[in-house]
Amino acid sequence: MTTLREYLDKTDCKDDLKDLIELIAIQAVPIRDAFIYNQSYAGTENSSGDKQAALDVWSDEHIVNVLLKSNLVSQIASEERDDIVKNPNAKAGYAVVMDPLDGSSLIQVNLCVGTIVGIYDNGDALSCGNQMRAAMYMLYGPMTVLTLTVGSGVYIFALKDGVYTMLEENVKMPQGKLYGSGGLKKDWIPEHEKFIDEIEKEGGKLRYSGSFVADFHQILKYGGIYCYPKTKDNATGKLRLVFEANPIGFIAAQAGGEITDGVNNLLDVKPQKPHHKTPIYVGSKNMTEKIIRICKE
Ligand code: AHG
Ligand code: MN
Ligand code: MN
């Protein structure tokens, strides 16, 4: 059984990056422990206008404190903060982007949620996704699972007794027929309606939980598409380029999939601000190519 560290030792990651990845991954333990005491909403909103769950706030503060203490990180952009946290005195200059708790409306119903993280080695949290050095997410499901890429394929690890061991190596996303879409159907734009219509006519099967990270994990394993489109009343969509689209998109691309807004590969889009929002289509290429074709027509 290969541990996370043994795997990292075989990659081209510098030791401080290995330390940073391990440090973030192991925060799954305290975050999981905090679920039981943080079941309610916090009564506040983040910059994206989302209601903050108590666990959103707790996870954000916890991870930011751990990262600052590590001295490995010079910038942190978090979904739960307005501004980038800066630590100019850090001994290593990694920039971390994160969604501390994705899918937080599902905390109270005990469905699968997770933590999404991207790491840049250029010290700039507002870099394009294609410059990412590593991306990962921890999923708090029946098992605690880490999905990781350091730019050489996607690897999945499971946590037991404080140690991550490899569950699957070099994961490739198959072509597939699962689909899930956010946004109210009455507000969908014609392109999106046509896309979903084509998928359904071809025998697509609906899977949508309300947790991007969990829904994406299913797409990674079984193939298909997760979408949160722009709508008639919201041209930017709901999800965020920096904290959600780029880390997940980087993992998707490493597994042979793709992320697009229907026109642009999102990994090529320069974030304009931390809470830059974007429509998202992420999944198997048979699906992303379909929405790109429909948007061109
Ligand atoms: P977060 O919990 O980080 O705010 O993200 C919620 C996101 C995403 O995880 C999910 O796919 C989507 O919002 C669900 O939105 P709807 O409830 O509008 O479907
Ligand atoms: Mn999220
Ligand atoms: Mn979140």
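Here, every reference points to the structure presented above.
The paragraphs below set out a description of the structure included in this document.

**Things to note about the sheet that holds strand β13 (residues 224–228)**
Strand order in this open sheet of 5 strands is β12-β11-β13-β15-β14, and the pairing throughout is mixed. Of all the strands in the sheet, just β12 (205–206) and β14 (258–260) have a single pairing partner and so form its edges. Pairing between strand β11 (residues 178–181) and β13: 4 bridges, direction parallel. The residue of β13 that forms the bridge with G180 is Y226.

**A word on the coordination of the manganese ion (ligand 2)**
Binding of the manganese ion (ligand 2) to the protein goes through D99 (OD), D102 (OD) and E244 (OE), at separations of 1.8 to 2.1 Å. Sequence spacing of the donors to the manganese ion (ligand 2): D-x2-D-x141-E. A gap of 3.6 Å separates the manganese ion (ligand 2) and the manganese ion (ligand 3), which D99 links by coordinating each metal. Taken together, the positions of D102 in strand β5 (residues 94–102) and E244 in helix α7 (residues 241–254) put the pair 142 residues apart, joining distant regions of the chain. With respect to burial, D102 and E244 carry one shared label: buried.

**A few points about the nonpolar core**
Counting 43 residues, the largest nonpolar core has I119 and L148 as its most contacted members. Ranked by residue count, the leading element in this core is helix α2 (residues 15–26), at 5 residues. In this structure, V154, Y228, I248 and I280 belong to the second largest nonpolar core, which totals 41 residues.

**So, the coordination of the manganese ion (ligand 3)**
Listed as protein donors to the manganese ion (ligand 3) are E79 (OE), D99 (OD) and L101 (O); their distances from the metal cover 2.2 to 2.4 Å. One chain supplies every donor to the manganese ion (ligand 3), and in sequence these donors are spaced E-x19-D-x1-L. Relative accessible area serves as the criterion here: at 1%, L101 is assigned to the buried category.

**A look at helix α5 (residues 190–201)**
Its 12 residues give α5 an end-to-end C-alpha distance of 16 Å, which sits within 8% of 16 Å, the value for a rise of 1.5 Å per residue. When we look at burial in α5, the residues that qualify are H192, F195, I196, E198 and I199. Angularly, the buried residues of α5 cover 160° about the axis, an arc narrow enough to put them on a single face. Away from its buried face, by an angle of more than 90 degrees, α5 presents the exposed residues P190 and K201. Turning to α5, the residues buried within the fold contact β11, β13, β15 (280–283) and α8 (285–296).

About the criteria used
Residues numbered from 1 in each chain as written. Chains lettered and ligands numbered in written order. Predicted model: local features only at pLDDT ≥ 70, side-chain atom pairs only at ≥ 80, totals over all residues. Heavy atoms only, no water. Pairing = 2+ DSSP bridges. Helix = DSSP H or I, 4+ residues; strand = E, 2+ residues; numbered from the N terminus. Donors = N, O, S within 2.8 Å, 3.2 Å for Na, K, Ca; no water. Buried < 20%, exposed > 50% of the residue type's maximum accessible area, 1.4 Å probe, protein only. Core = buried A, V, L, I, M, F, W, Y, C linked by side-chain atoms within 4.5 Å. Expected span 1.5 Å × (residues − 1). Arc of directions from axis to C-beta. Contact = heavy atoms within 4.5 Å.

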